[in-house]
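# Breakdown of the fold
These are the residues of each chain, in order.
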Amino acid sequence: MDKGLAYLTELTWAYRAARVLHIANGLGIFSLLHSKSMTAVRLAQTTGTDAEMLDKLLIACCGMGLLKRQGCQYKNSDTADTYLVQGHPNYQGDIIAHSASVWNFWSNLEDAVRHGPTPPRWTPEQHRHFILGMHNNTMAGRGALFLKHIDLAGRKHLFDVGGGPATYSILACRNYPELTATIFDLPETIEIARQMIAKEGLQDRIHTRVGSWDTEEFGSGNDVVLFSNVLHGPSSSASMKLDKAYRSMLPGGLLVIQEFLLDDDKSGPLVPALFNLMVGAFSSSELMDAIRTAGFAKPKTAVADPSIGSAWITAVRLG
Ligand SMILES: C[S@@+](CC[C@H](N)C(=O)[O-])C[C@H]1O[C@@H](n2cnc3c(N)ncnc32)[C@H](O)[C@@H]1O
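Definitions and limits used
- Residues numbered from 1 in each chain as written.
- Predicted model: local features only at pLDDT ≥ 70, side-chain atom pairs only at ≥ 80, totals over all residues.
- Near = placed C-beta within 6 Å.
- Nonpolar A, V, L, I, M, F, W, Y, C, P; charged D, E, K, R; others polar.
- Domains from an automatic or database assignment.
- Pairing = 2+ DSSP bridges.
- Helix = DSSP H or I, 4+ residues; strand = E, 2+ residues; numbered from the N terminus.
- Axes fitted to C-alpha atoms, helices over the stretch in contact; angles between N-to-C directions.
- Contact = placed C-beta atoms within 7 Å.
- Buried ≥ 20, exposed ≤ 12 C-beta atoms within 10 Å, placed from the backbone.
- Right-handed = clockwise from strand over helix to strand, strands pointing away.
- Core = buried A, V, L, I, M, F, W, Y, C linked by C-beta atoms within 7 Å.
- Left-handed = near helix turned anticlockwise from the far one by under 90°.

## Here we look at the site of the ligand
Contacts to the ligand come from 16 residues, most closely from M134, G162, G164, T189 and S228. Grouping the amino acids of the shell around the ligand by side-chain chemistry returns five nonpolar, nine polar and two charged.

This is the structure:
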C-alpha cells in the first residue's frame, strides 16, 4: 500500500521522539512528576542535568503529549501518569528502557546489514529492564489475549520455558486455581522471577528451575508447555526446544506458543518484520511446520494481533 509523503516524513524523523522518550524515562522525569508539578530548574537539580537542555527535552515531551506546561511548571499528562510512573500496574518504563538498551543495534544497523549481526552484551541493569519489560508487554495487552483465548481448564501443570518474569504463569495460576507451574530459565532471570512470584504470594504453586534449554531436558509429566517469545525464527533452535517439549509431555498435553509471526509471503506485518530484523521471526506456516515436525497435532492459531506482535498458537501431543 502506498502511504504517501507525510508517512515517509514521519518515518524519516521517528527516531527523534523515541530518543526523547528513552532519555526522559531514563532520567525518571515521569515518576518525579507523579502527582506534582516542578520547574525545569528543579528537575535539572534533582536529576543532575543541564537546565537549559533539560527544559528543551521537557518541551519536546509536551509536544509528544507526555507532559503539560503551565507557566514554568511541568506536570504529567494522563498517559504519563498511567504508563510512565514506576509502580503503576500499567507501567511501561522497563520496556522503554529496554528499547533504549537496543538503540545501539539500530544505530549500527548498517554494519549488521553489511557484515552480519554481533550478539548484544547487556549489563545486569539492562538485563533486568529486558525481563521486566516482558512483564510490561504482558500487562499492556498480550496477557489479556492469553487469558481470553488459551483454555487451561482442567490442566494440572504448566512448564514455562524461558518464563522470564513469570507473568504468564502468574496470570494462569490466578485464573485456574488447580494449576501449578514451573518457570525454567537462566539463573539471572530466575532471580527476578522469584521476586515477582513472591510479590504475588504464589511460591507454593509456582516453582522455579534454573537451567538452559541448550543443555537440559524439560522434565516429565508436563500437561502444558508454554513457549512465550522464545522460539524466535528459523535460527533460534526452535526444533530442538519443540522436541524437548514433546518428550516432556503427557499424552493429551497442550503446547502453547506466543510469537511475532510474519505473513506467509513475508511482506509484513510491520511489528513482526522489525522484530525479525533484530531477533528473528517465523512466518506462520514455517512455525506450523516446525510444530508438526516435532510430532504435535492440530496446530492452530488461537488469536493474532500483529499490531502488538502477539500471535498465540496451540497444538497437542496425542500419543
Ligand atoms: C523474550 S524473553 C520471554 C520471557 C517470557 N517468556 C515472556 O514472554 O514474558 C526470553 C526468555 O528466555 C530466557 N532464556 C534465554 N536463553 C535461555 C536458555 N538458554 N535457557 C533458558 N532460558 C533462556 C531469557 O532469560 C528470557 O527470560
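## Considerations on the domain arrangement of the chain
A common way to express how large an interface is: the accessible area buried when the components associate. Taken domain by domain, the chain consists of domain 1 (5-91) and domain 2 (136-316). Taking only C-alpha atoms, the centre of domain 1 and the centre of domain 2 are 34 Å apart.

## A short note on the pairing of strand β2 (residues 67-70)
Pairing between β2 and strand β3 (residues 73-76): four bridges, direction antiparallel. Bridged to Q70 within β3 is Q73. Counting the residues between successive antiparallel strands, the hairpin from β2 to β3 contains two residues, one of them, G71, with a positive phi of roughly 65 degrees.

## Here we look at the sheet that holds strand β5 (residues 180-185)
In space, the seven strands of this open sheet follow the order β6-β5-β4-β7-β8-β12-β11, with mixed pairing throughout. With one partner strand each, in any of the chains shown, β6 (206-210) and β11 (297-305) form the two edges of the open sheet. Taking the axes of each pair of neighbouring strands and ignoring which way they run, one obtains an average angle of 20 degrees across the sheet. Of the strand pairs in this sheet, strand β4 (residues 157-161) and strand β7 (residues 222-228) are connected by four bridges, and their pairing is parallel. Counted as the bridge partner of D160 is L226 from β7. Lying on the sheet, helix α11 (residues 187-200) is in contact with β5 and β6; it crosses β6 at an angle near 170 degrees.

## Looking at the environment of F218
Mapped onto the elements, F218 comes out in the loop between β6 and β7. Expressed as a C-alpha distance, the spacing of F218 and L179, which sit 39 residues apart in the sequence, is 18 Å. Excluding its chain neighbours within four sequence positions, the residues that come into contact with F218 are F159, V161, F184, V225, K244, A245 and S248.

## Some points on the pairing of β4
Of all the five residues making up β4, four are buried; the element is thus mostly covered by neighbouring parts of the structure. Two strands pair when backbone bridges link them, and β4 and β5 are joined in this way by five bridges, in the parallel orientation. Paired with F159 across the two strands is T182, which belongs to β5. Viewed along the sheet, the connection from β4 through helix α10 (residues 167-175) into β5 turns out right-handed.

## Things to note about unusual backbone geometry
Residue G268 is joined to P269 through a cis peptide bond whose omega torsion reads -5 degrees. In this fold, P269 is placed in the loop between β9 (261-262) and α13 (270-278). The phi dihedral of N229 is positive, around 55 degrees, even though this residue is not glycine. Looking at the element boundaries, N229 is found in the loop between β7 and α12 (238-248). Even without glycine at this site, K298 takes up a positive phi of about 55 degrees.

## Observations regarding the nonpolar core
Core analysis: the biggest nonpolar cluster contains 53 residues, and V161, V225, L226 and L255 have the highest contact counts within it. Once you skip the residues sitting within four places of it in the chain, V225 turns out to touch F159, V161, F218, A245, S248, M249, G253 and L255. Within the second largest apolar cluster, 22 residues are counted, among which are L66, L67, I95 and I96.

## Digging into the sheet that holds β2
One key point about sheets: their strands pair by backbone hydrogen bonds, in either a parallel or an antiparallel sense. Across the sheet, which stays open at both edges, the three strands sit in the order β1-β3-β2 with antiparallel pairing between neighbours. Only two strands of the sheet have a single partner each, and these edge strands are β1 (38-39) and β2. Across two bridges, β1 lies against β3 in antiparallel orientation. Along β3, the bridge assignment pairs M38 with Y74.

## Topic: the environment of Q86
Residue placement: Q86 occurs in the loop between α5 (78-83) and α6 (93-101). Distance in space between the C-alpha atoms of Q86 and S31 is 5.9 Å, their sequence separation being 55 residues. Discounting chain neighbours no more than four positions away, the residues touching Q86 are S31, Y91 and G93.

## Here's the deal with the packing of helix α1 (residues 5-26) against helix α4 (residues 51-63)
It is the contact of α1 with α4, at a shortest axis distance of 10 Å, that shows an interaxial angle of 120 degrees. For the element pair α1 and α4, the recorded crossing hand is left-handed. From α1, V20, I23 and A24 reach across to α4, where they touch L57, A60 and C61. Taken together, the residues that form the contact of α1 with α4 break down as six nonpolar, no polar and no charged.

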